[in-house]
Amino acid sequence: YPMASTTKIMTCLLAVETCSPEEIVTAGPNAEGVPGTSIYLTEGEQLTMRDMLYGLMLRSGNDAAAAVAGYCGGTQEQFVAMMNQRAQSLGMEGTHYANAHGLHDAMHYTTAQDLATLTAEALKNDSFRQIVSTLSYEMPATEERGPLWLSCSYDVMNPNSDLYYEGCIGVKSGFTSNAGQSFV
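A few points on the structure. Note that the coordinates shown come from a computational prediction; the quantities given were computed from them, not determined experimentally.

The rules we used
- Residues numbered from 1 in each chain as written.
- Predicted model: local features only at pLDDT ≥ 70, side-chain atom pairs only at ≥ 80, totals over all residues.
- Heavy atoms only, no water.
- Helix = DSSP H or I, 4+ residues; strand = E, 2+ residues; numbered from the N terminus.
- Buried < 20%, exposed > 50% of the residue type's maximum accessible area, 1.4 Å probe, protein only.
- Contact = heavy atoms within 4.5 Å.
- Pairing = 2+ DSSP bridges.
- Expected span 1.5 Å × (residues − 1).
- Arc of directions from axis to C-beta.

Thoughts on the environment of Cys152
And step 1. Within the secondary structure, Cys152 sits in the loop between strand S4 (148-151) and strand S5 (173-176).
And step 2. For Cys152, a relative accessible area of 19% puts it in the buried group.
And step 3. Sequence spacing of Cys152 and Val132 is 20 residues, and the spatial spacing of their C-alpha atoms is 8.8 Å.
And step 4. Those residues in contact with Cys152, other than ones at most four positions away along the chain, are Leu58, Thr134, Leu135 and Met157.

See the structure below:
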């Protein structure tokens, strides 16, 4: 099935495995104006990898996904190849990635079992676990904009919600018209 923004679990995992949180990521032309959810990147804007990953996972920024992919992979295509290689190494036989953000593509699909396998692996990483369990984060101002306040919108993680589930630490939701509602 299509996986929508649950794609970003793999994007984030590869980023925390290959990059330092303090590295400076410059948004390339492929990051500005990506459809869907956004952290409002402009071409040339610079953020730390940490800020990009909070924007990726808390705001579900498709533009952040494109910037991270371009930075970590050199090109979008090379990063997608890294995603597919990592999926294979985890035994995710029902998964194929076509992009780093999860917008619809006929060659972008997964299974519930593969998402569970990926998430179990990702949660072993301290940086990944910290990001996905964060309820709010203030992204510092850049030269292009003021500070950006990010917050987790999952009711199961909000202690003030009737749907709060004690012990839940994340991980990622997603939606496209082709995928429907997704939650890992």
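What to know about the pairing of S4
And step 1. The alternating pattern of S4 places Leu148 and Leu150 on a buried face and Trp149 and Ser151 on a face that is not buried.
And step 2. One ladder, built from 4 bridges, connects strand S3 (residues 136-139) with S4; its direction is antiparallel. Counted as the bridge partner of Glu138 is Trp149 from S4.

Points about helix H4 (residues 76-89)
Along an α-helix, residues three or four apart share an orientation, since each turn contains 3.6 residues.
And step 1. A rise of 1.5 Å per residue sets the reference length of H4, with its 14 residues, at 20 Å; its end C-alpha atoms lie 20 Å apart and thus fit the reference within 8%.
And step 2. Those residues of H4 not exposed but buried are Phe79, Val80, Met83, Asn84, Arg86 and Ala87. Burial along H4 is one-sided: seen end-on, the buried residues are contained in an arc of 160°. Projecting away from the buried face of H4 at angles above 90 degrees are the exposed residues Glu77, Gln85, Gln88 and Ser89.
And step 3. Here the buried face of H4 lies against helix H1 (8-18), helix H3 (62-73) and helix H5 (112-122).
And step 4. Following H4 by one or two positions, Gly91 adopts a phi angle in the positive range, close to 80°.

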